[in-house]
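Secondary and tertiary structure notes
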Amino acid sequence: VDVLHQSNKVLSLFDTPIPIAPVHTNDELENIDVECFSQLEIKEDCHSLTCNFTELDLNNTNINLTICTIIENRICSTMEKQEGTYFLYFYGILSPKDVCVVLESNRPYCRSVEVTHIVKPETPFGINITFRKDANEYFIQYTTPHSKKKYLKDKLIHELAYRQENGTWETIQSQYLRVKLLGKSLQMGASYEVKVRSKPNGDYFKGIWSEWSSSEYFQIAAEHPIKKSTDLVVVITTVGFILLFVTLVLILTFWKTRIKPVLWPKLPDHKKTLEQLCKKPKKNFDISFNPESFGYVHIHKVDGIQAKAEVECFLQPSAPLDADVSEKVCNGSDMKTRLSAVDKSILKLPVTYGGIWPSDTLSGHLCETHPSMLNESSNGIPYKVCSSNGTQLYNCGPMTHSSSSEDPTVQPRSGPLNTNTVSLIQPNNGVRSSNKDEAYVTMSSFCKNQ
Amino acid sequence: FSHFIPKMDFFFRSVFGILPLFIVLLPVNSSTCVMENTAVIREKYENILSHDIELLENMSEEYRDRCCRNKRHENPSAFFCNDTQEIWSLQNMACDMLKFFYKKKINKDFRWQTARVSCMTLEILHCRCDREQKNRKVCILLTQPSKDILGAQGPKKKCCQELCELKETISSLRSCWNKFEKEIAR
């Protein structure tokens, strides 16, 4: 019913005074069901009341509806009849009203109505749909005429209905004038229809739903670019995590064997190096440089074999040890100058036989420095080789002739022989290793000290 | 007959003497408000009347009050919201505001809204104005859809004593309602 075009018939005492009729029940009118709703501020400050009968056959009868106030002055007014509905403008909404059904000469049948409890809001309008790419959502805004009025401004709840083309309706309720539809919940490429209606929220004003607004239509994009980029990000992130995991596993697996030696190389350990160089031992074949571990081995004393000078060992101390004994003749002067370049720490001298003792076994023994070794450059490294009883065993001096028992500098030893290595004692300079593991292992460390 | 005179004199003195006493003892302002549930009063004020008062205040602020300073109000009691007597104070203010309904120097819409607020105040509090039958009919006249009952608009003046008085009364009414609402909300 377009209430805005109704006549201005309002509850008034002076226009058509109606005698105050007592409220009596009427058997005929008791069963008549009248439905009414009110619309607040429908015309400036004026409100409206619209009523109709649920039984249609009464439309043709001469029946009227009157609205009366229930305050001290009972003021009644007849509602205007329009095509099966009855309509009236009124002002006061603070007090309830009596809706009286008057059927010709019968006494009116009245029913009390609280106009604030039968409110039907005006229809919302102005649906606006905006697509937000970043959030992939459809932002729907709408307006209600009550936003600019006094009583129902913030007292309404709104219901938004949407559906795919000719599909089933889905609804969302909100107390605000905006609703969001997630793009992922909508079918891509489909067309959707949207409409909205309002109702009092029930805190003070109660009532019924308004009419549905006019529908709006919008199309969902065929592809969501945000979704594509999102998928790509997900894939890249997943691959990244997998690669990271694999890298971690590889690092943990090869840390000790490959990575750590490269990043933090160990200092060369000749003992271990020698062990590695050795061939794989047969079973029950012990490889050790510890003479005590060979206590069960019967070591044959080899007497008379003169150790040949290994000049090269003096001159190139960094060169790998050569276990073979070879005769070499060296010049005494050259030898001494080259000796100065030798590392002052420890000299390695491969000597096979002739009673050369390891440095640790010679500690505490009487050793005398051969004077011939000290007559040259002060940078020469004096050294001496002593036997367990203080006898000088070997030197690499000018007399390098080996296998000569007549060499006054070489004395045959009397004790067991370390056939592998010999170490030279440097009494004055150089660093003497006190740790078995760190000392250069000589070839003569197999024999026990007797 | 002469012995009746002292008796009659006594009669008249006793009867008619009491009457002035009753007149003196009668309260100046009789209560014309019916007690109403304070919760209902608060509901109606918060959901309906407060919005109309706010509209009336906005309309009042549109009028310049430069000439309203240093003006004495003729009825100072209308500006006081007495403790524990808020309903009585509101009734007085509302009834006082009804007299402006016929002041043609004031804007027609402003007068209309003033009368609406007054009538709604009286309706919520279940009060009525004892004084001035003319004012009591204003609320009935407000039911008319047309504002023609307000009459023609009078000539506008820059300064209007009545306008100043009305603005002050509106402000007092708003303050008293706020005070009363807080009181009944406890």
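Cut-off values and rules
- Each chain carries its own residue numbering, running from 1 in the written order of its sequence.
- Think of it this way: whatever chain is written first is A, whatever ligand is written first is 1, and the rest follow in order.
- Where totals are concerned, whole chains, interfaces and linings use all residues; where local detail is concerned, this predicted model gives features only for residues with pLDDT of at least 70, and gives and counts side-chain atom pairs only at 80 or more.
- Neither water nor hydrogens contribute to the side-chain values; these are computed over all heavy atoms in the structure.
- UniProt positions are given in the numbering used here, feature names are shortened, and annotations may be inferred rather than shown by experiment.
- Any pair of residues with heavy atoms lying within 4.5 Å of one another is described as a contacting pair.
- Once two parts are brought into contact, the accessible area they lose, counted with a 1.4 Å probe and summed over both, makes up the buried area.
- Any carboxyl oxygen of Asp or Glu that lies within 4 Å of a side-chain nitrogen of Lys or Arg is treated as forming a salt bridge with it.
- Secondary structure counts use DSSP, requiring at least four H or I residues in a row for a helix and at least two E residues in a row for a strand, with both numbered from the N terminus.
- Any residue outside Ala, Val, Leu, Ile, Met, Phe, Trp, Tyr, Cys, Pro, Asp, Glu, Lys and Arg is labelled polar, Gly included; the first ten of those are nonpolar and the last four are charged.
- As used here, the term nonpolar core means buried Ala, Val, Leu, Ile, Met, Phe, Trp, Tyr and Cys residues forming a set that is joined through side-chain atoms within 4.5 Å.
- Using a 1.4 Å probe on the protein chains alone, a residue whose accessible area is under 20% of its type maximum counts as buried, one over 50% counts as exposed, and one in between counts as partly exposed.
- Here the limits of each domain have been adopted from an automatic or database domain assignment.
- Helix span is expected to be 1.5 Å times the residue number reduced by one.
- Stacked, edge-to-face and tilted are the three classes for Phe, Tyr and Trp ring pairs, Trp counted by its six-membered ring, which pair at centre distances within 6.5 Å; planes under 30 degrees apart are stacked, over 60 edge-to-face, the rest tilted.
- In this analysis the charged atom, NZ for Lys or CZ for Arg, is taken to sit over a ring once it is within 6 Å of the ring centre and within 35 degrees of the ring normal.

Chain B carries the name Interleukin-7 in an unreviewed UniProt entry, which gives Terrapene triunguis as its organism. Taken directly from UniProt, the Sequence similarities (unreviewed entry) text for chain B runs: "Belongs to the IL-7/IL-9 family." As stated in UniProt under Subcellular location (unreviewed entry), the record for chain B gives "Secreted".

Per an unreviewed UniProt entry, chain A goes by the name Interleukin 7 receptor and belongs to Terrapene triunguis. Quoted straight from UniProt, the Sequence similarities (unreviewed entry) entry for chain A says "Belongs to the type I cytokine receptor family. Type 4 subfamily." Listed in UniProt under the heading Subcellular location (unreviewed entry), the comment for chain A reads: "Membrane".

Our next topic: the interface of chain B and chain A. The interface is formed by 21 residues belonging to chain B together with 19 residues belonging to chain A. Summed over both sides, the interface between chain B and chain A buries roughly 1900 Å², with carbon and sulfur atoms accounting for 56% of that surface. Ionic pairing is found between B:Asp52 and A:Lys150, a salt bridge with its closest N-O pair at 2.5 Å. Elements with a minimum of two residues in the side of chain B that touches chain A: α2 (38-61), α4 (108-125) and α6 (138-141) of chain B. When its residues are assigned to classes, the side of chain B that touches chain A shows 9 nonpolar, 5 polar and 7 charged.

Below, the discussion takes up the nonpolar core. A general trend in soluble globular proteins is that nonpolar side chains are found buried together. A:Leu49, A:Cys51, A:Leu65 and B:Trp177 are the most contacted members of the largest nonpolar core, which totals 73 residues. In terms of residue count, the dominant contributor to this core is α4(B) (9 residues). Counting contributing residues, this core receives three or more from each of domain 1 (34-113) and domain 2 (125-220) of chain A. Ignoring any residue separated from it by four or fewer positions in sequence, one finds A:Leu65 in contact with A:Val34, A:Cys51, A:Phe53, A:Ser77, A:Thr78, A:Met79, A:Tyr86, A:Val99, A:Cys100 and A:Val101. If you look at the next biggest cluster of nonpolar residues, it comprises 15 residues, including A:Tyr142, A:Tyr162, A:Leu186 and A:Phe218.

What follows is about helix α3 (residues 86-98) of chain B. Residue and element names in this part refer to chain B. Here α3 contains 13 residues, and its C-alpha end-to-end distance of 18 Å stays within 8% of the 18 Å for a straight helix at 1.5 Å per residue. In terms of burial, α3 is largely enclosed, as 11 of its 13 residues are buried. Taken as a whole, α3 has its buried residues at Glu86, Ser89, Leu90, Gln91, Asn92, Met93, Ala94, Cys95, Asp96, Met97 and Leu98.

By the definition in use, this model includes 10 aromatic pairs over all chains. Where A:Tyr192 meets A:Phe218, the ring centres are 5.9 Å apart and the plane angle is 20°; that geometry is what we call stacked. Of this pair, A:Tyr192 sits in strand β14 (residues 191-200) while A:Phe218 is found in strand β15 (residues 216-219), placing the two residues 26 residues apart along the sequence. Accessibility classification places A:Tyr192 together with A:Phe218 in one group, the buried group. Summarising the aromatic geometry, the rings of B:Trp177 and B:Phe180 are spaced 5.9 Å apart at their centres and angled 55° between planes, so their arrangement reads as tilted. Here B:Trp177 and its partner B:Phe180 are both found in helix α7 (residues 161-185), 3 residues apart, which amounts to about one turn of the helix. Ring pairs connect the aromatic residues A:Phe131, A:Tyr138, A:Tyr192 and A:Phe218, which therefore count as one cluster. Seen from the ring of A:Trp169, A:Lys195 lies directly overhead, with NZ or CZ sitting 4.3 Å from the centre.

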